[in-house]
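Below, each chain spelled out in residue letters.
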Amino acid sequence: MIVISGPSGSGKSTLVREVLKDPAFPLEISVSVTTRAKRANEKDGADYHFWTKERFQQGVAAGEFLEWAEVYGSFYGTLKEEIARRREQGKGVILEIDVQGAGQVRRTGEVTRSIFVFPPDWQACEARLRARGTENEESLGRRLACAKEEMGRANEYDYQVVNDDLNRAAGRIKELIKPLFMER
Ligand code: ADP
Ligand code: 5GP
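All values derive from a computational prediction rather than experimental measurement.

S.K.: It is not clear to me how the sheet that holds strand S5 (residues 65–71) should be interpreted in this structure. Could you clarify?
M.R.: Paired through their backbone hydrogen bonds, the strands of a sheet run either parallel or antiparallel. In space, the 4 strands of this open sheet follow the order S4-S3-S6-S5, with mixed pairing throughout. Each of the sheet's edge strands pairs with one partner strand only, and the pair in question is strand S4 (49–50) and S5. Where strand S3 (residues 33–34) lies against S4, 2 bridges are found, and the strand directions are parallel. Pairing of Val 33 across the sheet is with His 49, part of S4.

S.K.: Where do I start with the pattern of salt bridges in this structure?
M.R.: Any two side chains of opposite charge can pair, so long as their charged atoms come close to each other. Tallied over the entire structure, the rule returns 21 salt bridges. With a closest N to O distance of 2.7 Å, Glu 137 and Arg 130 form a salt bridge. Relative accessible area serves as the criterion here: at 53%, Glu 137 is assigned to the exposed category. Here Glu 156 makes a salt bridge to Arg 153, at a shortest N to O gap of 2.8 Å. Judged by relative accessible area, Arg 153 falls into the partly exposed class, the value being 29%.

Cut-off values and rules
Residues numbered from 1 in each chain as written. Chains lettered and ligands numbered in written order. Predicted model: local features only at pLDDT ≥ 70, side-chain atom pairs only at ≥ 80, totals over all residues. Heavy atoms only, no water. Pairing = 2+ DSSP bridges. Helix = DSSP H or I, 4+ residues; strand = E, 2+ residues; numbered from the N terminus. Salt bridge = Lys/Arg side-chain N within 4 Å of Asp/Glu carboxyl O. Buried < 20%, exposed > 50% of the residue type's maximum accessible area, 1.4 Å probe, protein only.

Okay, here's the thing in structure tokens:
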């Protein structure tokens, strides 16, 4: 399992998409569950499994999650089933999850690489979030307010990558995970 975290707007999803385009890395992304509202460009089952709060709570009670956390006022979690299915197929899996979830997953002892993505600076982080056009002012403020605390936990990760130039940052992530595929 490869874990990637970073503040909202740092560019994690974009970077992960870049890495997955490269056939040298037989990896799949674990599709998380969330209780937040679906964005216009998102597909249920592909970007996230969009669940109600009630269904999420049932999942927690039934032990369906490998990890879960409340992030920016919504619940997010990784289904054990998402990992198990890929493990059976011998595939590597990327978890794009927050710092709380990463802590929980690390305790399983099955994380082979963990990477924290930094935005180049505060202005870029806010500008990217605004340009993405998915958040209202309240959500934007909540996300930026959490960034400092999230970045304060970057040292819990094996590696830190600054997402300044997209190609350069994606190249750096590929370099960091390459040894995992050479060992196979
Ligand atoms: P996150 O998943 O960390 O919240 P996204 O991947 O959604 O962030 O990226 C936020 C916005 O920033 C998107 O609109 C994306 O296209 C843009 N972006 C991502 N990486 C870069 C980069 N290196 N340079 C400029 N814009 C970027
Ligand atoms: P977004 O709402 O922008 O898609 O994601 C917000 C935050 O939730 C990001 O920090 C993202 O990494 C985190 N997140 C997404 N899926 C999961 C998950 O399954 N578990 C945890 N703990 N966090 C997640």
